[in-house]
Each structure stands twice: as C-alpha cells, then as structure tokens.
Amino acid sequence: MRTLIDSLERCDQGNLSSIEGSDVEEEQMNYEDLDPTLIYSQQGNEVVTSQQPPETNTKTGVPDLELENGVIETEDEGKSKEVNTFFASVFTKEDLNIIPTPTAVNLQSELLHIQVTTEQVFKKLSKLDASKSPGPDGDNMMGHLDRNNTIMDEQFGFIKGKSTTLQLLKVHDEITEKLDEGENFGYDIFGLKKAFDTVPQERLIKMLINVGVRGKIVTWISKFLEGSRQRVVVNGIHSDWIEVYSGVPQDSVLGPILFMVYINDLPKHILGKSKLFADDTKIYGSCNQLEDSEKIKVIWTSQVNGQHYGN
C-alpha cells in the first residue's frame, strides 16, 4: 500500500489521490479547493484533516535587555543569566541569630500530625473540581486555624466566605458612616513588593509553631520549603541554578495559607483601622486634626519584616 506521502506526490494536473483500504482511488480536486488552514495526515488507511492553529504576529522569547551599565544583551545565554539574577535579587537573607519571637497566641489545640485513610483520599478526589485550583491539601491547616480563631478578622484573602467585594463593602460602610457624622477621613492603600517571594522561611516556621502548627507537620512544611533552586530558560538556553532561600510557592495550595500566617499580625501594628486581602492593605481612620494623620500609618515591626513600612 502506498503511503500518504507517495500518494500526495502523485497529485498532478489537479488530481488528488486518497487512500481507501489497499486501493488508491483517484478523486478530482483542484488545488484551489484545498483549505490551507487544515493539516492533512494519515491515520491507519484513511486520510484525515485537523484544524491548523491560526498564524499570529505575536513574538515569543525574551527581547534584548539593556543592563545597568548600558550594555545591550542580545544572546540567550546572557538573557537567561540576567533574568535569573533579577528574580533572585528579591530574596530575603536574614540573620538567623536575631529572629524575633512572635507574640504568644492563645490556643485551644495544636496541629501535630495528620491521619489520612484511603477512604478519605477517594472521597476528596471524587469531589475535586477540575475548573478550580484549590484542592483539599490545606483543609487540615485551615481547620486548625479556624478552630483556634487564629486569623485576624481584618484578613479577607484565602478565607471561605470572604472576598474583595465583602471587604470593599465593609470599608465603604465604615467610611460613609464617619463622613455622615461630619468627620474627615484619611485613607491609604499599599502592598508588599514581591510579597510571596520575600517571606523569610525561618521566621515563618517560628510563626507556624506560634499558632500551634508543630510536630511532624511543621517539620514537613520546613522540608517542603528548604532546598529549592531555580533557573531561567530562554529558547532552550538555561542559566545556572540559584538557591531559593526565601518565599513560599504562590501557585501551590499551602503557599497562600503559609503567607497568611506570616502576615497575620500586621493589623496589630497599625495605628488606625485596616483591611487586608493577602498583603494588599487598606488603612483608614478619622483625621479631624493635622496630627491625626500620623495615626494613618503602619509600624512594620521586626516581628513582621524587620523594617518600617509606610509614609
């Protein structure tokens, strides 16, 4: 039996050969009738077509980079190195000898270990929604935090029943109420730069222990975070590996929960009212006198990130 390529080579004078079984049947077809967006292929003894992706003008890859010294980097090897170095520049390298002790939290229970049965795994898998990213991985962690009422009410991110819409409504109600009473109001919005990438991991582990995540669980989380490496690949050319010594994986299920624990005590250090969605923070309060504006600021203490953050 002739192959598809052999048959197509026999297309002359406007004739196209198609294959059926072991016979070659001549079928009249003009070249103008062929759809250029279709891909012609052979499956078994039949010639089939499939849709070809449309052509676009979108360019792929990394454009030429202008370095700090003014040099233009055009080679993929140099681009991968420079981009990887830039990504790594935000990592937090902290002195392990001066990590502060978190403020003690009143706990009703601890999370020391997790027991999982085959039946539980099957039940969770059968209920997974493929259209959503969160899975059951964080159930035990969030259950523990909920039982101990650990997460502050000001946090609206990654919590069931809360959302950005609910946060906005609450802030709107509080502000309009004060304005109706004739008060002046100050309001500010800010967030952490590269928030998930800058979380100091040893400090995070201390905070987890402080909220009752201990024993094998905190050991597992520590092992989950440590020893990570990264590199950048540009058109198949990769940079060297670089150690990732801070941060939590943002695209994981546990990552947002760990970040929420890390930033949880921020509202305690704000002079004024606040609402958070992850690290995105709204700060507001009455400003009837000039000195009252000083109350609308954040004291980002060493317990959180070792620096002041605000105007």
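Residue numbers here run from 1 along each chain, matching the order of that chain's written sequence. Local features in this predicted model are restricted to residues whose pLDDT is 70 or higher, and side-chain atom pairs enter the listing and the counts only when it is 80 or higher, whereas totals over whole chains, interfaces and linings include all residues. Side-chain measures were taken over the full set of non-hydrogen atoms in the model, leaving aside hydrogen atoms and water.

(A) Local environment of the packing of aromatic side chains. Ring geometry is summarised as follows: Phe, Tyr and Trp rings, the Trp one being its six-membered ring, pair when their centres sit within 6.5 Å, and such pairs are stacked at plane angles under 30 degrees, edge-to-face over 60 and tilted between the two. Under the defined criterion, the tally for this structure stands at six aromatic pairs. Each ring, one from Phe 158 and one from Phe 277, has its centre 6.2 Å from the other, and the planes form 45 degrees; the classification is tilted. One end of the pair, Phe 158, is in the loop between helix H4 (139-147) and helix H5 (164-180); the other, Phe 277, is in strand S13 (residues 273-277), and 119 residues separate them in sequence. On the basis of relative accessibility, which here comes to 36%, the residue Phe 158 falls in the partly exposed class. Using a 1.4 Å probe on the protein chains alone, a residue whose accessible area is under 20% of its type maximum counts as buried, one over 50% counts as exposed, and one in between counts as partly exposed. Phe 277 sits in the partly exposed class, given a relative accessible area of 26%. For helices the rule is a DSSP run of H or I covering at least 4 residues; for strands it is a run of E covering at least 2, with both sets numbered from the N terminus onward.

(B) Just the pattern of salt bridges, in detail. We define a salt bridge as a side-chain nitrogen of Lys or Arg found within 4 Å of a carboxyl oxygen belonging to Asp or Glu. Inspection of the entire model under this criterion finds six salt bridges. Notably, a salt bridge pairs Lys 79 with Asp 64, separated by 3.3 Å at the nearest N-O pair. Highlighted residues: Lys 79 in helix H2 (residues 76-88) and Asp 64 in the loop between strand S4 (46-51) and strand S5 (65-66), separated in sequence by 15 residues. Judged by relative accessible area, which is 5%, Lys 79 ranks as buried. Among the ionic contacts, a cluster of salt bridges with common partners joins Glu 174, Lys 273 and Lys 275.

(C) Expanded view of the nonpolar core. We define a nonpolar core as any set of buried Ala, Val, Leu, Ile, Met, Phe, Trp, Tyr and Cys residues linked to one another through side-chain atoms lying within 4.5 Å. Among the nonpolar cores identified, the biggest contains 35 residues, and Leu 208, Ile 221 and Phe 259 are the most heavily contacted of them. The set of elements that each furnish at least two residues to this core consists of H4, helix H6 (201-210), helix H7 (215-225) and helix H8 (254-262). A total of seven residues in this core trace back to one element, the largest contributor, which is H8. The criterion used for residue contact is that any of the two residues' heavy atoms lie within 4.5 Å. When neighbours within four sequence positions are excluded, Phe 259 is seen to be in contact with Leu 192, Ala 195, Phe 196, Val 199, Val 248, Ala 278 and Asp 279.

(D) Here's a closer look at the packing of H6 against H8. Their axes nearest at 9 Å, the elements H6 and H8 cross at an angle of 80 degrees. Compared by their axis directions, H6 and H8 come out roughly perpendicular. Of H8, the residues touching H6 (which contributes Arg 203, Leu 204, Met 207 and Leu 208) are Leu 258, Val 261 and Tyr 262. Partitioning the contact of H6 with H8 into residue classes produces six nonpolar, no polar and one charged. Inter-axis angles, ranging from 0 to 180 degrees, are taken between N-to-C directions of lines fitted to C-alpha atoms, where helices are fitted over the stretch in contact. If an angle is under 35 degrees, it is roughly parallel; if it is over 145, roughly antiparallel; if it lies from 65 to 115, roughly perpendicular; otherwise it is oblique. All amino acids are sorted into three groups, where Ala, Val, Leu, Ile, Met, Phe, Trp, Tyr, Cys and Pro are nonpolar, Asp, Glu, Lys and Arg are charged, and the leftover types, Gly among them, are polar.

(E) Representation of H5 within the structure. For H5, built from 17 residues, the straight-helix expectation of 24 Å at 1.5 Å per residue is met to within 8% by its first-to-last C-alpha distance of 24 Å. Within H5, burial applies to Gln 167, Val 171 and Ile 175. End-on view of H5: buried residues confined to an arc of 50 degrees, all on one side of the axis. In H5, those exposed residues whose orientation departs by more than 90 degrees from the buried face are Thr 165 and Asp 180. Those residues of H5 that are buried are in contact with strand S7 (185-190), S13 and strand S14 (280-286). Remark: Gly 182 follows H5 within two positions and exhibits a positive phi of approximately 85 degrees. Each helix should span, by expectation, one fewer than its residue count multiplied by 1.5 Å. Directions are taken from the helix axis to each C-beta atom, and the arc is the one they span.

Remember, this is a structural readout, not a statement about activity or role.
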